[in-house]
Amino acid sequence: MRKLFFAICFNLLLCLPVLAKVTPVSGYENIPTMQNDSANSEPEVHEVEFDDFKHFIQERFTTAPKADASSINKNVGYLPSLTRQQMEEENKKGFFQKIYEEALNRISTTPAPLRDDVATKDDIVPEISTQEENWETANIPTITAYLPPHNTPFIIPALEHIPYLMNSIEILPSGLVKFEETIVVVSNGEKLKQGLTKILPLYVYNSEGKSQRLDYSIIGVRVNDMSVDYHLTDNGRNALLVPKDNYKLDPGIYTYKFEYLVDNLLWDYDNFYQFYWDIGGNGWNLVVDRLGASLALPTEGGIISQEVLLGSARRLSSNAVNIRPNGRFATAYIAARPLFIGEGMHLVANINKDVILSPTFWQKLVRSFYDYGDIYLALLGFIVIAGSFIISWRYIAQDKGQLKLFLPKTAMAIRYLLFNRFDLKSVCGFLLELYKKNIIDIQQSGDTILLIKRTDNTKTLQKYEINALRYLFPAHETVFTVNNKNLLPFKRFANCLDKGLQKQMLKFRLKLNLGYLLFSLAMLIVTEAFMAFFKLNSLYSFTVMVCASLACLAAVALWQFGHRRFIKVLAKLFSLDIILTSFIIFAAVVHPLSGIIIIASITVIVVALGIYSKRLGLIKHYIKDFANYRDYLLKHHDNIVLSRDFINYQAAIWALDLENDFVPSGRQEYYKLRIMSNILALLKQK
């Protein structure tokens, strides 16, 4: 049980043997009286002549009259018939189909009332009347077995069934309910092949159809007085208590003892607590011959009213159960006939509020986590993610901090950040960068402008810049003439630079936002990890939620993809489909409202990254830095113009539209701003 408190567990009253309507079995007058004998150890079940029993089963069981259970899956008979057939149908479906149907069931299905919840479809299990008639047939082979609680010898049918099931229930003062079930099974390898699996409900319903989630703590499971490791696994609206290790169950007689605690089982009404439990387990794929239960309370006279019903959903009867006191604090319930496949024994008891201690605030908070814990955690994660964005945005707005990533002050970057565009002047600025790096030479003679390639060493260039340069100097060409005939390769050269710059700036924005992105994703994953921790299949739930979150993150980012109208519409439709699918997956694993909150958190992450990437976001620092660089050039105007370092500032001067302010006196071979103006004028003419 995932909580920080445990109630004190009391000693339970011993079990009571119950009745059966099999002809060879002793009559009701031989049933031992219910006792409170705490000195007795756990009863031991003896296997009677195992080799003879096995041979007898092989020789005569095929000819013995028995219930027509042809419609029941016998490969895994330790599971209830209805549940197993549903599981097999589910296994035939695809992953997303199962999740989709489970989500729709959780979203649209109103929880059934108390007794409808235990309904069994008549077309899946044999008719009760047919089972009862076959069970009472006189020539059923029999064997002798020693049954609890006093190892009394009984003649039982030599069929695979449950000859004895006793459920000792104790309601503790803290509100926890302790169960100790003793189940004796006869196995012949037909249905019970890998041990007994018990189904436990994950929700309990009241008469108004409302539900609350239960929390289980497994104390232990013993088979023939040997401890066996069991664990809980999720199975839709139920939980399966299954052995951790698969093992082969040989034919024989086995005594199972299940002991566990259940919290949040009592419904809290104004004047009383209501307790409901299916004593028979509802839906064993085996006939239960003797069935009984004991309900113990902390004090005497705690039961206000009670009702016990036995049968299927369409044939519930209160006349088939005997109720008798079992000491001062307990009541015994004995089934007057066997429990057949598809039937249950349902106990509803209203309990005085004075019997149970009022729950503390911590208990109420913990119990609320059973139903709404994933919502609380999802909301907390959303607050952390959104809060970190708000705090970071205020930090950015105040223009605090230092630039951690270096962005070179190239001509194209200056034009892009300060003037928010890429134009022909950006292209000419790149040519000046190449000239500064001594990769090309720029010459003009009359109206002829030549770009001359000086070296093939382009290690200082970006990959997209190298690719763009190939449009000017294909193959072994070393000279490019800027004129009307070469406008097409020059245009391709400019387009390649434009696309490359956009990608470069996108990567730079991602680097700037990497810290917030990693932090937000970490908070999202941690939130989903805590949400999965409260599920039975924690690893499975966590894996599904993380995969759905990543898909949803990509879909929300894709929402704004595309510039053309048709592509943009397709991107939005595709994104919407992924988001809805992600929501269905979330709703199948956690509460639908939790899924909405997770998607909202993902949306906040993407929106925050978009805002950070805008000019008023993290780029703001670099825009300010580039603007200060313009002031730096103007402040050192004389030193730049008079020194040979002019060649290092020439591209920036051109990009900042300062070419008319920086004109060197005299003849300067490295002064190329006038040639750039001529190239720009030529390109604008066309």
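Our subject in this report is the structure included herewith.

Rules of the game
- For every chain, the first residue of the written sequence is number 1, and numbering continues from 1 onward in sequence order.
- Local features are withheld for residues below a pLDDT of 70 in this predicted model, meaning they are given only at 70 or higher, and side-chain atom pairs are given and counted only at 80 or more; totals for whole chains, interfaces and linings count all residues.
- Hydrogens are left out, water is left out, and the side-chain values use all remaining heavy atoms of the structure.
- Put simply, DSSP marks the helices as runs of H or I at least four residues long and the strands as runs of E at least two long, and each gets a number from the N terminus on.
- Classification of residues uses two cut-offs on accessible area relative to the type maximum, computed with a 1.4 Å probe and protein chains only: under 20% is buried, over 50% is exposed, and between them is partly exposed.
- Strands qualify as paired when DSSP identifies two bridges or more between them.
- Axis definition: a line fitted to C-alpha atoms, over the contacting stretch in the case of helices. Angles run 0 to 180 degrees between N-to-C directions.
- For classification purposes, angles smaller than 35 degrees are called roughly parallel, those larger than 145 roughly antiparallel, those between 65 and 115 roughly perpendicular, and all remaining angles oblique.
- Crossing chirality is assigned from the near helix's rotation relative to the far helix, an anticlockwise turn below a right angle marking it left-handed and a clockwise turn marking it right-handed.
- For this analysis, residues touch if any pair of their heavy atoms sits within 4.5 Å.
- Gly is put with the polar residues, along with every residue not named as nonpolar or charged; the nonpolar set is Ala, Val, Leu, Ile, Met, Phe, Trp, Tyr, Cys and Pro, and the charged set is Asp, Glu, Lys and Arg.
- Note on definitions: salt bridges are taken to be side-chain nitrogens of Lys or Arg within 4 Å of carboxyl oxygens of Asp or Glu.

### Here's the deal with unusual backbone geometry
Turning to step 1, where the next piece is worked out: With omega at 5 degrees, the peptide bond leading from Pro148 into Pro149 counts as cis.
Turning to step 2, where the next piece is worked out: Relative to the helices and strands, Pro149 resides in the loop between β1 (142-147) and β2 (152-157).
Turning to step 3, where the next piece is worked out: Positive phi, close to 70 degrees, is recorded for Asn264, a residue that is not glycine.
Turning to step 4, where the next piece is worked out: Checked against the element boundaries, Asn264 lands in the loop between β12 (252-263) and β13 (267-268).
Turning to step 5, where the next piece is worked out: Using a relative accessible area of 11% as the deciding quantity, one classes Asn264 as buried.
Turning to step 6, where the next piece is worked out: With phi around 60 degrees, Asp657 is a residue other than glycine that occupies positive phi space.
Turning to step 7, where the next piece is worked out: With respect to the helices and strands, the residue Asp657 is situated in the loop between α15 (646-655) and α16 (673-685).
Turning to step 8, where the next piece is worked out: Residue Asp657 is classed as partly exposed on the basis of its relative accessible area, which comes to 35%.

### Digging into the pairing of β2
When a strand is regular, its side chains alternate between the sheet's two faces.
Turning to step 1, where the next piece is worked out: Bridge analysis of β1 against β2 gives six bridges, and the strand direction is antiparallel. Of the residues in β2, the one forming a bridge with Ala145 is Phe154.
Turning to step 2, where the next piece is worked out: Taking the residues that link successive antiparallel strands as the turn, the β1-β2 hairpin has four residues, and the phi of Asn151 there is positive, at about 55 degrees.

### As for the packing of α15 against α16
Turning to step 1, where the next piece is worked out: At their nearest, the axes of α15 and α16 sit 11 Å apart, and the two run at 30 degrees to each other. When the interaxial angle is binned, α15 and α16 end up roughly parallel. For the crossing formed where α15 meets α16, the hand is right-handed. Residue-level contacts link Phe646, Gln650, Ile653 and Trp654 of α15 to Leu673, Met676, Ser677 and Leu680 of α16.
Turning to step 2, where the next piece is worked out: Grouping the amino acids of the contact of α15 with α16 by side-chain chemistry returns six nonpolar, two polar and no charged.

### Some points on the pattern of salt bridges
Turning to step 1, where the next piece is worked out: The tally for this structure, following the rule as stated, stands at 17 salt bridges.
Turning to step 2, where the next piece is worked out: Of the charged contacts in the structure, one is a salt bridge between Asp268 and Lys353, with a shortest N-O distance of 2.6 Å. With Asp268 in strand β13 and Lys353 in the loop between β20 (344-352) and α5 (361-397), this residue pair connects regions lying 85 residues apart in the sequence.
Turning to step 3, where the next piece is worked out: Lys353 gets classed as partly exposed once you look at its relative accessible area, which sits at 25%.
Turning to step 4, where the next piece is worked out: The partner of Asp441 in a salt bridge is Arg454, and the shortest N-O contact between them spans 3.3 Å. One end of the pair, Asp441, is in strand β21 (residues 440-445); the other, Arg454, is in the loop between β22 (448-453) and α8 (463-472), with 13 residues separating them in the sequence.
Turning to step 5, where the next piece is worked out: Accessibility expressed as a relative area gives 10% for Asp441, which makes it buried.
Turning to step 6, where the next piece is worked out: Counted as one network, the salt bridges with shared partners bring together Arg415, Arg421, Asp423, Lys425, Asp657 and Glu659.

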